[in-house]
Structure formats: structure tokens, C-alpha cells
Amino acid sequence: MIQTIIGLTLVTLGVFVACVAVLGTYRFHYVLNRMHATALCDTLGLLFVLAGLIVLLGVSWHSAKLVVIIVFMWLASPVMSHLTGRAEILTHTHIEDECEVIPYERRV
Amino acid sequence: MIQSDFVNSYLLGACVVLGALILFSLVRAIRGSRFTDRIVAVNIIGTLTIIIMCILSVYFQQPFLADIAIVYALLSFIAIVVLTRLVIVRRRAQEERERMEAEAAAAQAKGEGK
């Protein structure tokens, strides 16, 4: 019984975090601000929902696979955000209008 | 494993909410003013799809659906890396070309000055 309550609470929290992330894409007006909100869904939302499912399942191969998904997404999400931000900054012609830019000396 | 009608219907309700969120992200991807907006929206759609697959794997009691979710995570990661990498590499090549042209123009101007 307590297992069910904890699991379903975590799933609900995860869905709530996903709602907040999608709301953030509408509230903010620039890509780099939007990424700030959407990173929430990639990390915290996924962690909460999958942790809830693991609590529901107990210890098994099935829950081990869910742990693998959490670990992979936590490793991959920062890389994806970094690359997206870099593509945005490299292609935006008037980046100074949107945010403060410190020139970066590329090391050869 | 705890499985009851209440848990099953609760998980299905969570899936419905996440499906609605996917629709809203799709609207964001269509309306997004820049291409990075669309990439970010597609990223969210991929993550929500992974979450839905995991919930369904518990709902149907089929562990192989979790394997499919792993493959989907790898696929969305590769897609975004390739897409942004392409943009970055092309932008670098363009900058390099502009720099070379500027240097050539400067050398020519210097030659004419003599």
C-alpha cells in the first residue's frame, strides 16, 4: 500500500514538472530562456516519473532497464543543451540584442 | 510488483496528460520563430515519448518496451547531435571563407599601394 502511494506520488510530481517545462516554452520569449525551462523536463521530470515506476515495480530486470534510461538521459541532456545553445549563438546575427556577450578567444 | 485497476487507470491518466503536453510542444515547434526553437521543442517531444513508453511498459507488464525506450533515447540524442553539429560545422566553414576573402582583399590592396 505504502509502495503504491509513494510510486504514484512520484509519477504525479514528474507529470507536474513536465507541465511546468511545456508552460515555460510559452512563457519565455527567447530560445536560451526556453532551454532553461525545458531542461527541467529532461532531467527532473524523467527522474521523478521513472523513480515512481521503479518504486511500483520493486527490484527486477525491468526496473534496472529504467535505471539505465535515467543514467543515459542525465548524461545526454547536458550535451544536447550545450550543442543547441552553441548552434543558436553561432547563427544568431544580433545576439547582443538578446543577451550580454563576452567575446571568446578561440584557442588554436 | 503492485498491479491493480486503480494503479493501471492512474498510469493511463498520466499518459493522457503527457500526450496533451506533446501536442502543445508540437504547436510550439510549428510556431517557433527560429530553428533552435524547433530543435528544443522536438527535444521535449522525444523526452515525453520516452516517459510515455516507460509508463506503458509498466502498464502492459512488458519489459521489452523499456528496451525500445532506451533505443528511442539514443536515437533522439543522435538526431540532435547530428543536426546541431551540421549547423556548427557549416557556420565555421563560412567564417573561415570570409576571413580568407578579407585577407586576400587586404593583400591585394597592399600590392596596389606599392
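Thresholds, definitions, all that
Residues numbered from 1 in each chain as written. Chains lettered and ligands numbered in written order. Predicted model: local features only at pLDDT ≥ 70, side-chain atom pairs only at ≥ 80, totals over all residues. Helix = DSSP H or I, 4+ residues; strand = E, 2+ residues; numbered from the N terminus. Buried ≥ 20, exposed ≤ 12 C-beta atoms within 10 Å, placed from the backbone. Contact = placed C-beta atoms within 7 Å. Nonpolar A, V, L, I, M, F, W, Y, C, P; charged D, E, K, R; others polar. Axes fitted to C-alpha atoms, helices over the stretch in contact; angles between N-to-C directions. Parallel < 35°, antiparallel > 145°, perpendicular 65-115°, else oblique. Core = buried A, V, L, I, M, F, W, Y, C linked by C-beta atoms within 7 Å. pLDDT = per-residue confidence, 0-100. Expected span 1.5 Å × (residues − 1).

Peer 1: What is the right way to read the overall build of chain A from this model?
Peer 2: Regarding its fold elements, chain A presents four helices and zero strands. Based on the C-alpha atoms only, the size of chain A along its principal axes is roughly 55 × 35 × 15 Å. Out of the 108 residues belonging to chain A, those deemed buried represent 37%.

Peer 1: Would you explain the interface of chain B and chain A in this entry?
Peer 2: How big an interface is tends to be stated in terms of the accessible area lost upon association of its parts. Every contact between the two is made by 40 residues of chain B and, on the other side, 42 residues of chain A. Where the side of chain B that touches chain A is concerned, the elements lending two or more residues are α1 (5–31), α2 (35–59) and α3 (64–113) of chain B. The class makeup of the residues in the side of chain B that touches chain A is 29 nonpolar, five polar and six charged.

Peer 1: Is there a simple way to think about the packing of helix α3 (residues 61–91) of chain A against α2(B) in this case?
Peer 2: For any two helices packed against each other, one specifies the inter-axial angle together with the distance between the axes. Orientation of α3(A) relative to α2(B), taken along the N-to-C sense of each, is 175°, at an axis distance of 11 Å. Compared by their axis directions, α3(A) and α2(B) come out roughly antiparallel. Seen from α3(A), the contacting residues are L66(A), I69(A), M80(A), T84(A), A87(A) and E88(A); seen from α2(B), they are T36(B), I39(B), V40(B), N43(B), I50(B) and C54(B). The class makeup of the residues in the contact of α3(A) with α2(B) is eight nonpolar, three polar and one charged.

Peer 1: Is there a simple way to think about unusual backbone geometry in this case?
Peer 2: The general pattern is negative phi for most residues beyond glycine and trans for most peptide bonds. One non-glycine residue, Q61(B), lies in positive phi territory at about 60°. With respect to the secondary-structure elements, Q61(B) resides in the loop between α2 and α3.

Peer 1: Got a minute to help me understand the nonpolar core in this structure?
Peer 2: Generally speaking, a soluble globular protein has its nonpolar side chains buried in company with each other. Within the largest apolar cluster, 46 residues are counted, with the highest numbers of intra-cluster contacts made by V49(A), L50(A), L53(A), I69(A), I51(B), C54(B) and I55(B). Those elements that provide at least two residues to this core are α1 (2–27), α2 (31–57) and α3 of chain A together with α1, α2 and α3 of chain B. The residues contacting C54(B), other than those within four sequence positions of it, are V49(A), L50(A), L53(A), L66(A), I69(A), A66(B) and A69(B).

Peer 1: Looking at this structure, I do not really get the confidence of the model for chain B. What am I missing?
Peer 2: Predicted coordinates in regions of low pLDDT should not be interpreted in detail. Confidence in the prediction for chain B averages 89 pLDDT; 96% of positions are at 70 or higher. Quick note on the complex model: pTM equals 0.87, ipTM equals 0.87.

Peer 1: Help me understand α2(B) in this model?
Peer 2: Side chains three or four residues apart in an α-helix point the same way, a direct result of the helix having 3.6 residues per turn. Residue and element names in this part refer to chain B. Between its first and last C-alpha atoms α2 spans 36 Å; for 25 residues at 1.5 Å apiece the expected length is 36 Å, and the two agree. Counting buried positions over the 25 residues of α2 gives 20, a clear majority of the element. Of the residues flanking the end of α2, it is Q61, one or two places downstream, whose phi is positive at about 60°.

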